[in-house]
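Read off the chains here:
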Amino acid sequence: MPRNDVSVAGASAPAAGPPLPDYRALASRYLSKVATIGVPVVLALAFLLPQIVTSPFRLQIFTVAFLNAAVVAPLVLSLGYAGMLNLSQGTFYGLGAYTTAILVTDHGWSFEAAIVASALVAGVAGGLLALATARVKGDYFVLISLGLTIAVAQLLANLPDLTRGREGFFGIPTLDFFGLSFGDPVTGYYLCLGLLVVLYLVVSRIASGFLGRSMLVVRYDDVAARSMGIKPLKIRVTAMVLSSALVGVAGAFLTATLQFISPADFNFDASFMLSLYVIIGGMASLPGAVAVAVIFTLLNEEFRGISDYSVGLIGIAVIIAVFLRGGVFKDALGERRSRRGKQVRDASR
C-alpha cells in the first residue's frame, strides 16, 4: 500500500520546540517593575538617610542628585509625552536659578516670592520656544532649542552688571523656605527631597490624566489628534510651559542650596545630559528618568577618578537603552494598562 506523502513529510519533520524567550522584553519588563515599585519606596527610605549619613559633604551630594532628578521629572512631559526633543532644559534650569539669585540678592525679595518669579520666567521662555513648533518640527526644532541654549549661556556670561558674568553669581545670602533654613545641610536635604517628591507626584498626575494622553496622541500623530478635537500646538505649548516652569522652581532651590551659580552650570552639556537621562530611563517612564538621574549623579560624584570615562559609560547606557526598545525602564504602568485593555476587548467579543 503506497504511503501518503503528506504523512511522510509530517513524520520526517522535526517536532517544533517551545519558542525562545525574548530576553530583551523580559529584561525591560523586569526593570520596569523594579523602577515603578522601587522609586517610590526609595524616595520614602531617603527620608531616613540623614540618620545614617552624617557628613555634610555627602548629604550635599544626595541633595544635588535630588535636584537633578527634580529637573528631569518635568522633562518627561515635554520630551517623553509630547515628543519635543529640546536641548534647553538646562537653560530653563539656569533661568530659574539666576532669577532667584538676582531677586533675593540685589532686590531683597523673599525666597518664596522668588520661586514664583522663577517659575514664571522659565515658563514664559519655554512657551516662546514651544511656539516655534507652529513653524518647524523634528530636527529643526532641535536646532532652535540648541540656539536658545547657546544664546542664553552667552547672555549669562556677558552681562556682569546683572549676572556677575563668567565668574559666577556669588554673595547669595542664606535662604529659608517658610522658616526652614537651607543653611543647615540636613534641612536643605529634606527640602530638596520634598521638592522631588512633589514634582514627581505632579508630573505623575498630569501624565496619567487627559492632558498626558493628549500629549501622547500629539507625539505620535498630529492628524489623529486633530480628528479627536485636540489642538497639537496648544498641547505642545502647554507641555513646554509646565515642564519649564517646574524646572524653574528646581533652579530656585539650586540657588538656595549651593549659594553660588555660574553660566557653566547651565550650558549645552547640562541640557544634553538631562535629555539623555530621560532617553536612557525610557521616554515616557517617569520612574526610570528619576532613577537614572539620581544614579548617574551619585556615580559622577562618588567616582570622580573615572570622570574621564563618564562619556563612554553614558554611551554604553544609551546603547543598552536602544537595545531594550525604548529605554532601560519602560513605562510599566502603560504596558499593564495596554494588556488589561486587550483582555477586556477579548472578553467582550
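What counts, and where the lines are drawn
- Residues numbered from 1 in each chain as written.
- Predicted model: local features only at pLDDT ≥ 70, side-chain atom pairs only at ≥ 80, totals over all residues.
- Heavy atoms only, no water.
- Helix = DSSP H or I, 4+ residues; strand = E, 2+ residues; numbered from the N terminus.
- Buried < 20%, exposed > 50% of the residue type's maximum accessible area, 1.4 Å probe, protein only.
- Contact = heavy atoms within 4.5 Å.
- Areas by Shrake-Rupley, 256 points an atom, 1.4 Å probe, with all protein chains shown as cover.
- Polar contact = N/O pair within 3.5 Å; in protein donor to acceptor, adjacent residues only side chain to side chain.
- Patch = residues over 30% accessible without salt bridge, like charges linked within 9 Å, V, L, I, M, F, W, Y side chains within 5 Å.
- Salt bridge = Lys/Arg side-chain N within 4 Å of Asp/Glu carboxyl O.
- Expected span 1.5 Å × (residues − 1).

Engineer: Would you mind going over the overall build of the chain with me for this structure?
Structural biologist: The helix and strand inventory of the chain stands at 15 helices and two strands. Relative to its full complement of 349 residues, the chain shows a buried share of 45%. Counting only contacts in the chain whose residues sit at least 6 apart along the sequence, the fraction spanning at least 24 positions is 78%. Carbon together with sulfur atoms contributes 67% to the accessible area of the chain, which is approximately 18000 Å² in total.

Engineer: Looking at this model, I keep getting lost on the side chain of Thr-63. Mind explaining?
Structural biologist: Structurally, Thr-63 can be placed in helix 3 (residues 56–81). Looking at Thr-63, its side chain comes within polar contact range of the main-chain oxygen of Leu-59, at 2.8 Å. Thr-63 has contacts with Gly-188, Tyr-189, Cys-192 and Thr-257, leaving out every residue within four places of it along the chain.

Engineer: Just to check I follow, could you spell out the environment of Ile-279 for this structure?
Structural biologist: Relative to the helices and strands, Ile-279 is located in helix 12 (residues 268–281). With relative accessibility at 28%, the residue Ile-279 sits in the partly exposed group. As a C-alpha pair, Ile-279 and Val-292 span 13 residues in sequence and 9.6 Å in three-dimensional space.

Engineer: For this particular structure, what's the right way to read the side chain of Ser-262?
Structural biologist: Along the chain, the position of Ser-262 falls in the loop between helix 11 (232–258) and helix 12. For Ser-262, the residues in contact, after removing those within four places along its chain, are Tyr-98 and Gly-168.

Engineer: Is there a simple way to explain a nonpolar patch on the surface in this structure?
Structural biologist: A contiguous nonpolar surface patch, about 360 Å² in accessible area, is contributed by Val-124, Leu-128, Leu-131 and Leu-233. With three residues, the single largest contributor to the nonpolar patch is helix 5 (residues 111–131). Among the secondary structure elements, Leu-233 is positioned in helix 11. According to the relative accessible area criterion, Leu-233 is partly exposed, its value standing at 34%.

Engineer: Just checking my understanding: could you explain the pattern of salt bridges for this structure?
Structural biologist: Pairing is possible between side chains that carry opposite charge, provided their charged atoms lie close to one another. Counted according to the given criterion, the structure contains two salt bridges. Across the pair Asp-106 and Arg-164 runs a salt bridge, and its minimum N-O distance is 2.9 Å. Within this pair, whereas Asp-106 is found in helix 4 (residues 89–106), its partner Arg-164 is found in the loop between helix 7 (160–163) and strand 1 (176–177), the two being separated by 58 residues in sequence. Residue classification places Asp-106 among the partly exposed residues on the basis of a relative accessible area of 36%. When the shortest N-O distance is used, the salt bridge between Arg-236 and Asp-222 registers 2.8 Å. Taken together, the residues Arg-236 in helix 11 and Asp-222 in helix 10 (residues 222–227) connect sequence positions 14 residues apart. The burial state of Arg-236 is the same as that of Asp-222; both residues are buried.

Engineer: Any chance you could explain helix 8 (residues 185–208) here in plain terms?
Structural biologist: Helical geometry note: an α-helix holds 3.6 residues per turn, so side chains three or four residues apart project in the same direction. Across its 24 residues, helix 8 extends 34 Å between first and last C-alpha, which sits within 8% of the 34 Å expected from 1.5 Å per residue. By the burial criterion, the buried members of helix 8 are Gly-188, Tyr-189, Leu-191, Cys-192, Leu-193, Leu-195, Leu-196, Leu-199, Tyr-200, Val-203, Ile-206 and Ala-207.

Engineer: Would you explain helix 4 in this entry?
Structural biologist: Over its 18 residues, helix 4 runs 26 Å from end to end, which matches the ideal 26 Å to within 8%, given 1.5 Å per residue. Counting buried positions over the 18 residues of helix 4 gives 16, a clear majority of the element. Looking one or two residues beyond helix 4, the residue adopting positive phi is Gly-108, at roughly 70°.

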